[in-house]
Amino acid sequence: MLSFFKKNILPVILGSGFLLLYISHLSVSVYGGDVGDLVTAAAVGGVAHPPGYPLFTFLGFLLTKTAVASISPAFAVGLISAFSAAAGVVGFYLLMLQLTKSKYASLIASLTLGFSFLYWFYAEIAEVFALNIFLAILLFLFAIVYKNTKKNIFLYVFVFFLGLSCTNHQTIIFVIPSTLFIVAKTAYKEVKKRPKSILFCFLLFLFGLTPFLYIPIASSFHPIINWDSVHDVSTFLHLILRKDYGTFQAGIFDTPTLSQRLVTVAVYLKSLVIQSTIPVIVLTLFGYYKLYRKDKTIFLSLAVAWFLSGPLFLFYAGFPLTSEFIIGAYERFTLLSSIIFLIPFGVGLLEFSTLLTKLLPKRNYEKIFLSVFLLIPLMLFFYNFPKTNLRSVSIGDTYAKDFLQVLPKNSVLLISGDTQIFNTWYMYYVLHVRPDILLYNIGATPVTQNEIAQKLQGVSSKNRTDTLIKIVETMQRTRPIFSTTRFQSKKGAAITWVPYGLTYQMYLSGDSIPDKKNYENTLDTVWSHMHVPPSQDMENPANHSLTIVGIPTDYSNALIAAGTFVYSQYKDIQKTILLYKQAVAASPSNGKAYSALGVVYTGIPGMCNEAVANFSQSLAIDAYQELPYFLLYNEYIACFKDNKRADEVSKAYEELFKKDFQKEIKKSQDSLSSISNN
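Only a predicted model underlies this, so the values are computations on that prediction, with no experimental measurement involved. (Residues numbered from 1 in each chain as written. Predicted model: local features only at pLDDT ≥ 70, side-chain atom pairs only at ≥ 80, totals over all residues. Heavy atoms only, no water.)

Draft legend 1. Local environment of the side chain of lysine 575. Assignment of secondary structure puts lysine 575 in helix α29 (residues 573–586). Here lysine 575 falls in the buried class, since its relative accessible area comes to 12%. Residues contacting lysine 575, with those up to four places away along its chain left out, are Glu520, Leu523, Asp524 and Val566. (Helix = DSSP H or I, 4+ residues; strand = E, 2+ residues; numbered from the N terminus. Buried < 20%, exposed > 50% of the residue type's maximum accessible area, 1.4 Å probe, protein only. Contact = heavy atoms within 4.5 Å.)

Draft legend 2. Main features of the state of the cysteines. Across all of its chains, the model carries 1 disulfide by this definition. Here cysteine 608 connects covalently by a disulfide to cysteine 639, the sulfurs 1.4 Å from one another. Taken together, the residues span a long stretch of sequence, with cysteine 608 in helix α31 (residues 608–621) and cysteine 639 in helix α32 (residues 627–640) at a distance of 31 residues. Take cysteine 608: its relative accessible area is 18%, and that puts it in the buried class. Of the residues examined, cysteine 639 reaches a relative accessible area of 28% and is grouped as partly exposed. Cysteine cysteine 166 remains unbridged, with the sulfur of cysteine 201 as its closest cysteine sulfur at 15 Å. The partly exposed category is assigned to cysteine 166, whose relative accessible area is 28%. (Disulfide = S-S within 2.5 Å.)

Draft legend 3. Structural view of the packing of helix α2 (residues 9–25) against helix α6 (residues 103–115). Put simply, α2 and α6 touch, their axes get as near as 12 Å, and they point 10° apart. Classified by the angle between their axes, α2 and α6 sit roughly parallel to one another. You can see that α2 and α6 cross each other, and the crossing is right-handed. Only Lys103, Leu107, Ser110, Leu111, Gly114 and Phe115 of α6 make contact with α2, whose side of the interface consists of Leu10, Leu14, Phe18, Leu21 and Tyr22. Class assignment for the residues of the contact of α2 with α6 results in 8 nonpolar, 2 polar and 1 charged. (Axes fitted to C-alpha atoms, helices over the stretch in contact; angles between N-to-C directions. Parallel < 35°, antiparallel > 145°, perpendicular 65-115°, else oblique. Left-handed = near helix turned anticlockwise from the far one by under 90°. Nonpolar A, V, L, I, M, F, W, Y, C, P; charged D, E, K, R; others polar.)

Laid out in structure tokens, this is it:
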């Protein structure tokens, strides 16, 4: 054992160091995105959203059941990411060693990987991507080791991990053809000599697939999180083929246009340069060139794997990059291809240092030149350290609590949206916050024990909304109903949705809407218990992840909704202005808050400058809003009689939107008149 550590001291130190770093930064909260669903499914022994991620969920289940009480379930499941990422750095080092035979070049390359932002970031949260990258690195490592050594033990290990990798994340499929290509020639010779070895490899592959058994076993216990309620082959295939989202679709969104697809790829290539840095890109491309000259098999396998997992996949998926949250979701799907692209970096590093050394005959400066390149991972470390320190980031937890804790006793909460519902599940089902509330996901839900879900079983998606309304209308007689989404019945009673915290409370026709005094008192009480993220907290680089950066805007929009209701229902201008100003304070980057404030000022004599300032600020934040142009134009005409500046607004609009301003503003005015008359 001692000799093993002496022989492998560098990878042991490397892995241990990164593990300590990643654990020290590991998020103790549920964070955002899919994390809440994955952690909740693991903690309750359930089945996560399609394709189920059985390997990750099963490991998370074991960790949550064996962790000490002082460790949060989110942290316990997040340990999978920390260990996977640290092991991935070691695997990358060993892979570099196979390609370069240089410990120095391999060390610098693996440090660069470990300190790169996306890799480091996904080492800190309970997501499936760090484990996916680790398995991809292992596939390349054992494929290349087998090719170089021709020892069957490495083929067998490769085949086992080939099966195991299929049980975590489906994007591994982009790596499989390339790694099979690496082992194909040597494996073919082995099979010709020993035909029975193919049967052994097949059995090992099947053994690697055994985590899939977790899905039907877990589902048979009817856990509270049980996506697709797997009970036979058909429902199993429905889950793992992601039929809820569309088997060959990246998500539930409109079919992207060609230009959207091209933009997605262009954004990926730009981010690849920014995240990796230009020196790393140049040296990596040099490494590809050297691999092409030395070993075309490995060159082709890496190039194809990168192309399939990066440009081709992203072009096909065509993520609509329309919001910070979707961009964050898109960003994590670039991680695999970014790591594959980086593999030849060590080769380029070594070859470039060797080339520099050759320019100085009779002197071996190779290690000195290589040491200079340590500046790259060192720079990445200091730049990314504050951005990846998620230990104190708790916005995901407090956000979820704010949906639950301010509601009256025995309320019904209808909720939608990934971060909203998944984080709330974690609070509700794992940490048992407000068990008196009846929680229901407005979209497709895996919760079958819930009385609303039971009544909706078998109801077609076409009739689901109307049926849901009928159910909650009946429940509203005994339980207050709250929802994050406002909806109306096509046939039933009209519904008034009254803003309440981050939600809306349901009032049916005939119900008494709260009077001004009672509503504003309730409003003050509710918001005094909310955890609106302070602006100084959002200045923390660790809060700038695209997954959670939009949370303050949700608070801001909720305050806008409250202000609009106070204005339309009670005509309380001062309270409206106060709420709109709170909305601005909650999210200074929310252009809608400035527009709302500007609209109020247009109705107050002598406040023209304030109205113009707010409309202008709204457009400065987001120029792609049409309404503020119309409002600003009208303010210049009506309040200042300034035709010149009004024309500037109309020209700016026409240049940006390629529409006739006067026609569009008339449409807007007609639409507003129609709403007012109704």
